There are 2 protein chains.
Amino acid sequence: MAVYPEQIERLCDMFRRLDGIGRKTAMRLTLSVLDLPLEDVEAFAGALMAAKTEVGFCKCCQNISSAELCPICAATGRDRSIICVVEDFRAAMALEKMQEYNGLYHVLHGVISPMKGIGPDKLKIRELIKRLDGSVSEVILATNPTPEGETTAMYLSRLIAPLGVRVSRIANGMPVGGDLEYADEITLRRAIEGRYSMEGANPTK
Amino acid sequence: MAVYPEQIERLCDMFRRLDGIGRKTAMRLTLSVLDLPLEDVEAFAGALMAAKTEVGFCKCCQNISSAELCPICAATGRDRSIICVVEDFRAAMALEKMQEYNGLYHVLHGVISPMKGIGPDKLKIRELIKRLDGSVSEVILATNPTPEGETTAMYLSRLIAPLGVRVSRIANGMPVGGDLEYADEITLRRAIEGRYSMEGANPTK
C-alpha cells in the first residue's frame, strides 16, 4: 500500500507529539502545511525555534517570560503584597484574563503527585518561600481543585502559615451558569458548606 | 493586562494558519511546544521545511510525492488501464487505505467552483486528458458528492466520453453502518434509485 512521502510522515509524527493531537489531526495539520506559501512555512519554523530558545522563566514568579522579569513582576502598578500560587502558566494566564486580580503570581510548574513521582522538591516551592521576605501579607493557593492540587495546597499552607503570612484557598462551589442537576456531589456539598449570607447583599447587575 | 511573550504569540499565529485550528487550540499547541526538548523542536522545524521543500507532485497523477513519480504510478503491479479521478490527495489516500483499488489515480487539485472563481483551467484536467492515450480503458470519477464535485464530474464525463474511454461515477447511497432515520432525502432517493437485485447474491460475512 502506498503511503505518504517520508517527509510528510516525519512532520506528522512531530505534530503528534503536541498536546491532544492524534494521528488524524496530525495528518490534517501536516497536509495543511503544504498549502501554506513557502515564506510562511519558513516563518513557522523560525517561530518554533524562537519560542523554544528565546522564552524562559521569570526569575521571580517562574512564569514564562522572554525577559529576566515577566511583565507582571516588572509592572509598577501591581500589589506586591499578594501572591497567587498556580500550577502552571496556563492557570496564571486564565486568572490574568479576568482583569481583576492585581497581585503577583507564583508558578509551581506542577503539583505534588506521588503517583507520578513528583515530590515538593521538583516544584518551584523554594523560590516561593524565598519571596516571603516580609513584604508579602497573603498567599492565595490557586492550585486546581483536584486531589493533587488539594494536597499541594495543604502542603504549602502548612509550610507558609508558620511564617506569619495569611494563606487562603480559592473557593469551591457551583460554576456560574452551571446547572445543579449536572453538578457532582462533592461540588454541591462544597457549595452548601461555603454558602454566604445574602442579608445586606448589595448585588450589582 | 499582561500577555504571553511575543515569541509565543507569533508561534500561536502560525498554528492558527493550519486547517481547523482556532485561537485556543493554537495556544495549547504552542505551549506544548515549550514542553518538548530542544532537539525535538529543532527536528520539528526541520521537518516543516523538509515537508514543504522536498515534497512536490507526481508528474503523472499529480499526487503529492517526493520523487518525480509517486509510489503508485511507479509501482509495477497496478492496473494502468483504470484511472480514478479525485479532488485532492486526501481522497486518494482514503481510497488507497481501502486496499482494494488497484488502478491509478489522478488528483485534480480542486473542483470547478464558479463561486470561488475556480474554472476547469485551474485544475489538473489537461494533465488527465494527456494520460488518455489509448492505454486507459476506464476513468472513475470520484469527486465528492457535493454540488461542485457533481459539476466537475459532469464536466469531465462530457470531455472524456467522446475519447472512447468508459467513464463511471462512484455510487451514491446509504453509508454502511448508517441509519435511514438520519439520512438526508437526497441520499435516500439515490439509495432507492440505485437499488440492486439480491437474486443470486452470494453474501460473504
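For the structure, check the block above.
Residues numbered from 1 in each chain as written. Chains lettered and ligands numbered in written order. Predicted model: local features only at pLDDT ≥ 70, side-chain atom pairs only at ≥ 80, totals over all residues. Heavy atoms only, no water.

> Pulling in residues and values, what's your account of the overall build of chain A?
Each helix and strand in chain A was counted, giving eight helices and six strands. When the helices and strands of chain A are listed from N to C terminus, the series reads α-α-α-β-β-α-β-α-β-α-β-α-β-α. On the principal axes, the C-alpha backbone points of chain A span a range of 70 × 45 × 40 Å. Expressed as a percentage of its 205 residues, the buried residues of chain A come to 40%. Counted over contacts in chain A with a minimum sequence separation of 6, partners at least 24 positions apart contribute 49%. A total of about 11,800 Å² of accessible surface is found on chain A, and carbon and sulfur atoms cover 54% of it. (Helix = DSSP H or I, 4+ residues; strand = E, 2+ residues; numbered from the N terminus. Buried < 20%, exposed > 50% of the residue type's maximum accessible area, 1.4 Å probe, protein only. Contact = heavy atoms within 4.5 Å. Areas by Shrake-Rupley, 256 points an atom, 1.4 Å probe, with all protein chains shown as cover.)

> Outline the pattern of salt bridges, supporting the account with residue identities and numerical values.
One pass over the full model with this rule turns up 20 salt bridges over all chains. Asp40(B) is the partner of Arg17(A) in a salt bridge, and the nearest nitrogen-oxygen pair spans 2.2 Å. One end of the pair, Arg17(A), is in the loop between helix H1 (6–16) and helix H2 (23–35); the other, Asp40(B), is in helix H3 (residues 38–54), on a second chain. A relative accessible area of 17% places Asp40(B) in the buried class. The residue Glu138(A) makes a salt bridge to Arg166(A) at a minimum N-O spacing of 3.1 Å. In this pair, Glu138(A) sits in strand E5 (residues 138–141) while Arg166(A) sits in strand E6 (residues 166–169), placing the two residues 28 residues apart along the sequence. Counted as one network, the salt bridges with shared partners bring together Glu150(A), Arg169(A) and Arg190(A). (Salt bridge = Lys/Arg side-chain N within 4 Å of Asp/Glu carboxyl O.)

> Go over the sheet that holds strand E4 (residues 104–107) of chain A with me, naming the residues and quoting the values.
Residue and element names in this part refer to chain A. Taken in spatial order, the four strands of this open sheet run E4-E3-E5-E6, and their pairing is parallel. The sheet is open, and its two edges are formed by E4 and E6, each paired on a single side. Adjacent strand axes in the sheet meet at a mean angle of 25° when their direction is disregarded. Sheet topology note: the E5/E6 ladder contains four bridges and is parallel. If you follow Ile140 over to E6, its bridge partner there is Ser168. Contacts between helix H7 (residues 147–160) and the sheet are confined to strand E3 (82–86), E5 and E6, with E6 contributing the most and set at about 170° to the helix. (Pairing = 2+ DSSP bridges. Axes fitted to C-alpha atoms, helices over the stretch in contact; angles between N-to-C directions.)

> Tell me about the interface of chain B and chain A, and please be specific about residues and values.
Taken together, the 52 residues of chain B in the interface contact 52 residues of chain A. Taken together, the connections running from chain B to chain A amount to six salt bridges. The partner of Asp35(A) in a salt bridge is Arg90(B), with the nearest N and O atoms 3.9 Å apart. In this assembly, chain B and chain A are joined by twelve residue pairs in polar contact (both at pLDDT 80 or more). Only helix H1 (6–16), helix H2 (23–35), H3, strand E2 (64–65), helix H4 (71–74) and helix H5 (89–97) of chain B provide two or more residues apiece to the side of chain B that touches chain A. Broken down by element, the side of chain B that touches chain A gets its largest block of residues, 15 residues, from H3(B). Of the residues in the side of chain B that touches chain A, the class split is 33 nonpolar, seven polar and twelve charged. (Polar contact = N/O pair within 3.5 Å; in protein donor to acceptor, adjacent residues only side chain to side chain. Nonpolar A, V, L, I, M, F, W, Y, C, P; charged D, E, K, R; others polar.)

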